[in-house]
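Here is how the chains run, residue by residue.
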Amino acid sequence: MQGIWNVPFINNCYLMNIALFRKPSAKHVSYLKEDTDPDMAFCASLRSAGIMMYVSNEKEFGHLVNSETFDVSRTNPDIYQVIDNKLDWEQRYLHPKYYEVFDNKEKQLMPCPDVYWFPLMSMRFCKEWIEVMEAFGQWSDGSNNDKRLESGYEAVPTRDIHMNQVGLDIQWLRILKDYVRPLQELVFTGYYHNPPVSVMNFVVRYRPDEQPSLRPHHDSSTYTINLALNTPHLDYEGGGCRFIRYNCSVKDTKPGWLLMHPGRLTHFHEGLLVTKGTRYIMISFVDP
Ligand SMILES: O=C(O)CCC(=O)C(=O)O
Ligand SMILES: [Fe+2]
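Parameters at a glance
- Residues numbered from 1 in each chain as written.
- Chains lettered and ligands numbered in written order.
- Predicted model: local features only at pLDDT ≥ 70, side-chain atom pairs only at ≥ 80, totals over all residues.
- Helix = DSSP H or I, 4+ residues; strand = E, 2+ residues; numbered from the N terminus.
- Buried ≥ 20, exposed ≤ 12 C-beta atoms within 10 Å, placed from the backbone.
- Contact = placed C-beta atoms within 7 Å.
- Pairing = 2+ DSSP bridges.
- Axes fitted to C-alpha atoms, helices over the stretch in contact; angles between N-to-C directions.
- Expected span 1.5 Å × (residues − 1).
- Arc of directions from axis to C-beta.
- UniProt positions renumbered as here; feature names shortened; annotations may be inferred.
- Near = placed C-beta within 6 Å.
- Nonpolar A, V, L, I, M, F, W, Y, C, P; charged D, E, K, R; others polar.
- pLDDT = per-residue confidence, 0-100.
- Core = buried A, V, L, I, M, F, W, Y, C linked by C-beta atoms within 7 Å.
- Bend = angle between axes of the 7 residues up to and from the residue.

1. Comments concerning the overall build of the chain
Step number 1: Each helix and strand in the chain was counted, giving 5 helices and 15 strands.
Step number 2: For the chain, the C-alpha atoms occupy an extent of roughly 85 × 40 × 35 Å along the three principal directions.
Step number 3: Counting every position in the chain, which comprises 288 residues, the buried fraction comes to 27%.
Step number 4: Considering only contacts in the chain between residues 6 or more positions apart, those separated by 24 or more positions represent 73%.

Here it is, written out as structure tokens:
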């Protein structure tokens, strides 16, 4: 129901008609009353001064944000708010076409066999996500020894930063659950795992003079997601992902767009050579 209702109590945020407070009858309006919270005291004194209070849901006035968990010490703190301020987060960071995918469920892009392609994140997301990684700056050395892993060993190492190193692990898992899992259910029907489990969530950086490519391998996942964070022919030359069994490559990747493919057995793949600039991707091995 929509309307305007006269109520005995309001708090947090309200509009006031200042003319009412200039009347002599409003002289005693105050936030102060012994043993009473300020908001309760204020409303009690409004009532005794005969000033009416109303709530209205006829118009959208905006929304209040709980700023308690907003950590200004982070690079791009807004991007950390997927749990605490979902409404604003979606507007800023979800791809404008994300929800369109669900309008025509049978028609999905498949650039290689069983490799699906979805718009997930906005350009702003890609830019800020890279900024978070580069501000942190501690890229792995690309060797097989990796202290971040329980085993201490990585068979197919990349130059990367794990999400827990930048305090984005919980947030990223929420993104997998709320936005990636529904996409998976569209294309790999009959597979349902909620919430998705993922221990390996990381941004990879490819550079000609650092790590230019990645040798053929399987991922330890049920399905893998590979999110492009920047633009071929603009930010770098070369790059892309080749699926060897199908002799099929995806090179014309778009920032914010996600590749989703099975992790084992069929989708043996490699990261193609970057010959110029820097290529960034975000990878998750879901349900290892
Ligand atoms: O470069 C790519 O697109 C593939 C990356 C990849 O396969 C991986 O990180 O496991
Ligand atoms: Fe891989």
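The rest of the description comes next.
2. Thoughts on the sheet that holds strand β11 (residues 248-250)
Step number 1: Within the open sheet, the 4 strands sit side by side as β7-β13-β10-β11. Their pairing is antiparallel. Taken across any chain shown, the strands that pair with only one partner, and hence form the sheet edges, are β7 (214-217) and β11. Neighbour-to-neighbour, the strand axes of the sheet open up by a mean angle of 15°, direction not taken into account.
Step number 2: The pairing of β7 with strand β13 (residues 269-271) spans 2 bridges and is classified as antiparallel.

3. Observations concerning helix α4 (residues 123-136)
Step number 1: Here α4 is 14 residues long and its end C-alpha atoms lie 20 Å apart, about the 20 Å a rise of 1.5 Å per residue gives.
Step number 2: Residues of α4 that are buried: Phe125, Cys126, Trp129, Ile130, Val132 and Met133. Axial view of α4: buried residues confined to an arc of 155°, hence all on one face.
Step number 3: Tucked into the core, α4 has its buried residues touching α3 (86-93), β5 (160-162), β6 (201-206) and β15 (279-286).
Step number 4: Among the residues trailing α4, Gly137 stands out with phi positive, at a value near 75°.

4. Some remarks on the pairing of strand β4 (residues 115-119)
Step number 1: Pairing of strand β3 (residues 109-112) with β4, which is carried by 2 bridges, proceeds in the antiparallel orientation. In the strand pairing of β4, Leu109 is matched with Trp117.
Step number 2: The hairpin formed by β3 and β4 contains 2 residues between the paired strands, and Asp114 there has a positive phi angle of roughly 55°.
Step number 3: Across 4 bridges, the pairing between β4 and strand β12 (residues 257-262) is antiparallel. Across the sheet, Trp117 pairs through a bridge with Leu259, a residue of β12.

5. Overview of the UniProt feature "domain: Fe2OG dioxygenase" (unreviewed entry) in the chain
Step number 1: Feature annotation in UniProt assigns "domain: Fe2OG dioxygenase" (unreviewed entry) to the following positions: residues 195-288.
Step number 2: Strand forms 49% of residues 195-288 and helix 0%; the C-alpha atoms that close the span are 13 Å apart.

6. Considering the site of ligand 1
Step number 1: As a structural note, the neighbourhood of ligand 1 is formed by Thr158, Val204, Leu214, Asp219, Asn226, Cys241, His269, Gly271, Ile281 and Ile283.
Step number 2: Mapped by element, the contributors of at least two residues to the shell around ligand 1 are β13 and β15.
Step number 3: When the residues that make up the shell around ligand 1 are grouped by side-chain class, the tally is 5 nonpolar, 4 polar and 1 charged.

7. Digging into the sheet that holds β12
Step number 1: If you trace the 7 strands from one edge of the open sheet to the other, you get β3-β4-β12-β8-β15-β6-β5, paired in antiparallel fashion. Edge strands, defined here as strands with exactly one partner in the open sheet, are β3 and β5. Adjacent strand axes in the sheet meet at a mean angle of 25° when their direction is disregarded.
Step number 2: Both β5 and β6 contribute to a ladder of 3 bridges, which runs antiparallel. Bridging across to β6, Ile161 finds its partner in Val203.

8. Section: unusual backbone geometry
Step number 1: In this structure, the amide linkage connecting Asn194 to the following residue, Pro195, adopts the cis form with an omega of 0°.
Step number 2: Phi is positive for His233, close to 70°, though the residue is something other than glycine.
Step number 3: With respect to the element layout, His233 can be found in the loop between β8 (223-228) and β9 (236-238).
Step number 4: Not every positive phi belongs to a glycine, and Asn247 is a case in point at roughly 40°.
Step number 5: For Asn247, the position within the fold is in the loop between β10 (241-243) and β11.
Step number 6: Taking the C-beta count within 10 Å as the criterion, Asn247 has 8 such neighbours and is therefore assigned exposed.

9. Here's the deal with the confidence of the model for the chain
Low pLDDT means the predicted coordinates in that region are not meant to be read closely.
Step number 1: The share of residues in the chain with pLDDT of 70 or more is 100%, and the mean pLDDT across the chain is 95.
Step number 2: For this predicted complex, the interface confidence comes out at an ipTM of 0.99, alongside a pTM of 0.86.

10. Details of the nonpolar core
Step number 1: Among the nonpolar cores identified, the biggest contains 51 residues, and Phe118, Trp129, Leu227, Leu229, Leu258, Met260 and Ile281 are the most heavily contacted of them.
Step number 2: Every residue in contact with Ile281, bar those within four places of it in the chain, is listed here: Val204, Asn226, Leu227, Ala228 and Leu229.

11. Comments concerning the environment of Pro24
Step number 1: Looking at the secondary structure, you find Pro24 in the loop between α1 (18-21) and α2 (38-48).
Step number 2: As for Pro24 and Ala49, which are separated by 25 residues in sequence, their C-alpha atoms are 9.6 Å apart.

12. A short note on helix α5 (residues 169-187)
Helical geometry: 3.6 residues make up each α-helical turn, so side chains three or four residues apart lie on a common side.
Step number 1: Along its 19 residues, α5 runs 25 Å from first to last C-alpha, staying within 8% of the 27 Å computed at 1.5 Å per residue.
Step number 2: Along α5, the largest kink reaches about 45° and is centred on Val180; proline Pro182 follows within four residues of it.
Step number 3: Looking at α5, one finds that the buried residues are Trp172, Leu173, Ile175, Leu176, Val180, Leu183 and Gln184.
Step number 4: If you follow the buried residues of α5, they end up packed against β4, β6, β8, β12 and β15.

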